[in-house]
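So the chains spell out like this:
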Amino acid sequence: MRILTAALPAGLLLALASPAAHAQNAALNARIAQLATQEEPKVIAWRRDIHEHPELGNQETRTAALIAAHLKKLGIEVQTGVARTGVVGVLRGGKPGPVVALRADMDGLPLTEANELAFASKVKTTYLGQPVGVMHACGHDTHVAMLMGAAEVLSQVKADLPGTVKFIFQPAEEGSLPGVEGGAKLMVKEGVLDKPRVDAVFGVHINAQTEVGNLAYRSGGEMASSDRFAIKILGKGSHGAYPWNSVDPVVTAAQIIMGLQTIVSRQVKLIDDAAVVTVGTINGGVRYNVIPPDVELTGTIRALNPEVQKQIWASVRRIATNIAESAGATAEVTIEPYVPVTTNDPALTARMLPTLQAAAGAAHVREIKAVTGAEDFSFYQEKVPGLFLFVGGMTKGQDPATTADHHTAGFRIDESGLTLGVKTLATLTADYLSAGKP
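Residues numbered from 1 in each chain as written. Predicted model: local features only at pLDDT ≥ 70, side-chain atom pairs only at ≥ 80, totals over all residues. Heavy atoms only, no water.

**Remarks on the packing of helix α3 (residues 61–73) against helix α4 (residues 140–156)**
Point 1. The geometry of α3 relative to α4 is characterised by a closest axis approach of 10 Å and an angle of 10° between their N-to-C directions. Relative to α4, the element α3 lies roughly parallel. Of the residues in α4, those in contact with Thr63, Leu66, Ile67, His70 and Leu71 of α3 are Val144, Met148, Ala151 and Glu152.
Point 2. Class assignment of the residues belonging to the contact of α3 with α4 gives a composition of 6 nonpolar, 2 polar and 1 charged. (Axes fitted to C-alpha atoms, helices over the stretch in contact; angles between N-to-C directions. Helix = DSSP H or I, 4+ residues; strand = E, 2+ residues; numbered from the N terminus. Parallel < 35°, antiparallel > 145°, perpendicular 65-115°, else oblique. Contact = heavy atoms within 4.5 Å. Nonpolar A, V, L, I, M, F, W, Y, C, P; charged D, E, K, R; others polar.)

Here you go:
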């Protein structure tokens, strides 16, 4: 772990050096820690309720109603229907000051749960024409519950908050249906960072491979950009017994898939940044003895900086087009940007590191390597300085290699880690507001 205290802005160091300011912050944070502990039973109950009743992106009406009712009960100004089903709450502190936004995502995944839990999801739906279960397989249920808890904690100390807190409960982080705009991008488009204008945004993500009681972060690029690509190979169909009469798009597709593997292995400078090119689907043909006229491939591209991202886009187009041409076929390549790199503002990260260390203990805060997962929290970070971090959700002593990964049917979270998430969100808010704008 790198200690970044030396990079703290002079204004914050001066504030922390003041005995009166330090005593005031310490007292407020002690109160926040006490309230967060008291909130634990409620947070766990909310999480279990939401887990048992998951909803897909842009369909989170039940979850949104639960959130809105809770915020209104706390006396927080509430706006519903933001970016379709999103909820935004505004808590005004007892003194003027900056504006902090806290974000949680609400949507589940089209996945049938395989856990033997009393509150396991039994929800069924149809997704892209296929019958499937619905499950909180990435921890968004915990994110909502932790932010609901943080809202209750902060509402109880609002007289001591010099500024405003905006609570953003966002739909569709996992993406919308094809052709449907949603998620953080739409929330930003609809002005969620304005009126009042947000100065900094914070978010947490539960992690099933990090022990409870721990926080993990990275300054700069933390999570990858994510893009979807589709390659349609147009050939010539024929009877399977007479392949010489065809321009076989199946064989061409296979060659393109193998060619795409050279992008990461031979073209990206991996000692600088990781990257991923994954083909996820292959669709073509209807009968074993018929060579079809076309085949379509779809997949994902991940990169940790925009330059590499653009390099990969160009490579995918070049490889697919040229291999298809060499076979006498043609390739139509479509690349759809999904989310940019999740980039933690270095100055904000350095500024808030002492807060993280105070919340979890210095030995329980570590800087990690970048990961190739993606997060649409990055759309907020494009507009204002942001810090996104991971909260431990794995039982102590468990081997991370044996725990079910995110986006799998056996995904599980140790709920004893949720109180740290509540405490962290609330103390990040209080410390940022108390220090004022950098």
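**Some details on the pairing of strand β10 (residues 225–234)**
Point 1. Across the 10 residues of β10, 7 count as buried, placing the element largely inside the fold.
Point 2. Bridge count for β10 against strand β14 (residues 294–303) is 10 bridges, and the pairing is antiparallel. Residue Ile233 lies in a different strand from β14, and its bridge partner there is Val295. (Buried < 20%, exposed > 50% of the residue type's maximum accessible area, 1.4 Å probe, protein only. Pairing = 2+ DSSP bridges.)

**Notes on the packing of aromatic side chains**
Point 1. Considering all chains together, one arrives at 5 aromatic pairs under this definition.
Point 2. Ring centres of Phe377 and Tyr380 lie 5.7 Å apart, and the angle between their planes is 65°; on these two criteria the pair is classed as edge-to-face.
Point 3. Among the aromatic residues, those joined into a cluster by ring pairs are Phe377, Tyr380, Phe388 and Phe390. (Phe/Tyr/Trp six-rings, centres within 6.5 Å; stacked < 30°, edge-to-face > 60°.)

**Considerations on the side chain of His136**
Point 1. Mapped onto the fold, His136 is located in the loop between β5 (130–133) and α4.
Point 2. Here the side chain of His136 touches Asp141 through a polar contact of 3.5 Å, landing on its backbone nitrogen.
Point 3. Setting aside chain neighbours within four positions, we find His136 in contact with Ile50, His51, Pro54, Met106, Asp107, Gly108, Asp141 and Phe411. (Polar contact = N/O pair within 3.5 Å; in protein donor to acceptor, adjacent residues only side chain to side chain.)

**Some thoughts on the pairing of β5**
Point 1. Two strands pair when backbone bridges link them, and strand β4 (residues 124–127) and β5 are joined in this way by 4 bridges, in the antiparallel orientation. Of the residues in β5, the one forming a bridge with Thr126 is Pro131.
Point 2. Where β4 hands over to β5, the hairpin turn is made up of 2 residues, of which Leu128 adopts a positive phi near 50°.

**Some details on the sheet that holds strand β8 (residues 215–217)**
Point 1. Taking strand neighbours across the sheet as the criterion, the 8 strands line up as β1-β2-β6-β3-β7-β18-β8-β17 in an open arrangement whose pairing is mixed. Either end of the sheet is taken by a strand with one partner, and the two such strands are β1 (77–82) and β17 (365–367). The mean inter-strand angle of the sheet, taken between neighbouring strand axes irrespective of direction, is 25°.
Point 2. Relative to strand β6 (residues 162–170), strand β2 (residues 86–92) runs antiparallel, the two being bridged by 6 bridges. Of the residues in β6, the one forming a bridge with Val88 is Ile168.
Point 3. Most of the contacts of α3 go to β2, to which it runs at about 15°, and overall it touches β1, β2 and β6.

**Observations regarding the nonpolar core**
Point 1. Counting 65 residues, the largest nonpolar core has Leu102, Leu154, Leu161, Phe167, Phe169 and Phe202 as the members making the most contacts within it.
Point 2. Non-local contacts of Phe167, meaning those with residues more than four positions away in its chain, are made with Ile76, Val87, Val88, Gly89, Leu91, Leu102, Leu147, Ala150, Ala151 and Leu154.
Point 3. Counting 28 residues, the second largest nonpolar core, distinct from the first, contains Ile233, Val295, Ala331 and Ile335. (Core = buried A, V, L, I, M, F, W, Y, C linked by side-chain atoms within 4.5 Å.)

**Quick word on helix α10 (residues 418–435)**
Point 1. Here α10 is 18 residues long and its end C-alpha atoms lie 26 Å apart, about the 26 Å a rise of 1.5 Å per residue gives.
Point 2. Phi turns positive, to about 80°, at Gly436, one or two residues after α10. (Expected span 1.5 Å × (residues − 1).)

**Let's talk about the sheet that holds β14**
The pairing of strands in a sheet comes from backbone hydrogen bonds and takes either a parallel or an antiparallel form.
Point 1. The 4 strands are arranged β12-β14-β10-β15 in an open sheet whose pairing can be described as antiparallel. Looking along the sheet, the strands with just one partner apiece sit at the ends: β12 (275–283) and β15 (330–339). Ignoring strand direction, the axes of neighbouring strands in this sheet form an average angle of 20°.
Point 2. Lying over the sheet, helix α6 (residues 249–267) contacts β10, β12 and β14, oriented at roughly 170° with respect to β12.
Point 3. Sheet strands touched by helix α7 (residues 306–326): β10, β12, β14 and β15. Its angle to β15, the strand with the most contacts, is close to 160°.

**Description of the packing of α4 against α10**
Helix packing for two helices is described by the angle between their axes and how far apart those axes are.
Point 1. Relative to each other, α4 and α10 sit at 50°, their axes nearing to 8 Å. In terms of orientation, α4 lies oblique with respect to α10. As for how α4 packs across α10, the hand of that crossing is right-handed. Contacts between α4 and α10 involve Thr142, Met146, Leu147, Gly149, Ala150, Val153 and Leu154 from the first element and Leu418, Gly421, Val422, Leu425, Ala426 and Thr429 from the second.
Point 2. When grouped by side-chain class, the residues that make up the contact of α4 with α10 number 9 nonpolar, 4 polar and no charged. (Left-handed = near helix turned anticlockwise from the far one by under 90°.)

**Brief notes about a nonpolar patch on the surface**
Point 1. Taken together, the side chains of Leu128, Leu177 and Val180 define a hydrophobic patch exposed on the protein surface, amounting to about 250 Å² of accessible area.
Point 2. For Leu177, the position within the fold is in the loop between β6 and α5 (183–189). (Patch = residues over 30% accessible without salt bridge, like charges linked within 9 Å, V, L, I, M, F, W, Y side chains within 5 Å. Areas by Shrake-Rupley, 256 points an atom, 1.4 Å probe, with all protein chains shown as cover. Salt bridge = Lys/Arg side-chain N within 4 Å of Asp/Glu carboxyl O.)

**Considerations on the pattern of salt bridges**
Point 1. Tallied over the entire structure, the rule returns 14 salt bridges.
Point 2. For Glu77, the salt bridge identified is with Arg92, shortest N-O distance 2.7 Å. You can see Glu77 sitting in strand β1 and its partner Arg92 sitting in strand β2, a full 15 residues away along the chain.
Point 3. The class of Glu77 is partly exposed, set by a relative accessible area of 39%.
Point 4. With a shortest N-O distance of 3.9 Å, Glu336 and Arg228 are connected by a salt bridge. A residue pair is termed long-range when its members are at least 10 positions apart, and Glu336 in strand β15 and Arg228 in strand β10 qualify at 108 residues.
Point 5. Its relative accessible area of 39% is what places Glu336 among the partly exposed residues.

**So, α3**
Point 1. Over its 13 residues, α3 extends 18 Å from the first C-alpha to the last, a length consistent with the 18 Å expected when each residue adds 1.5 Å.
Point 2. Once α3 ends, the next one or two residues include Gly75, with phi positive near 80°.

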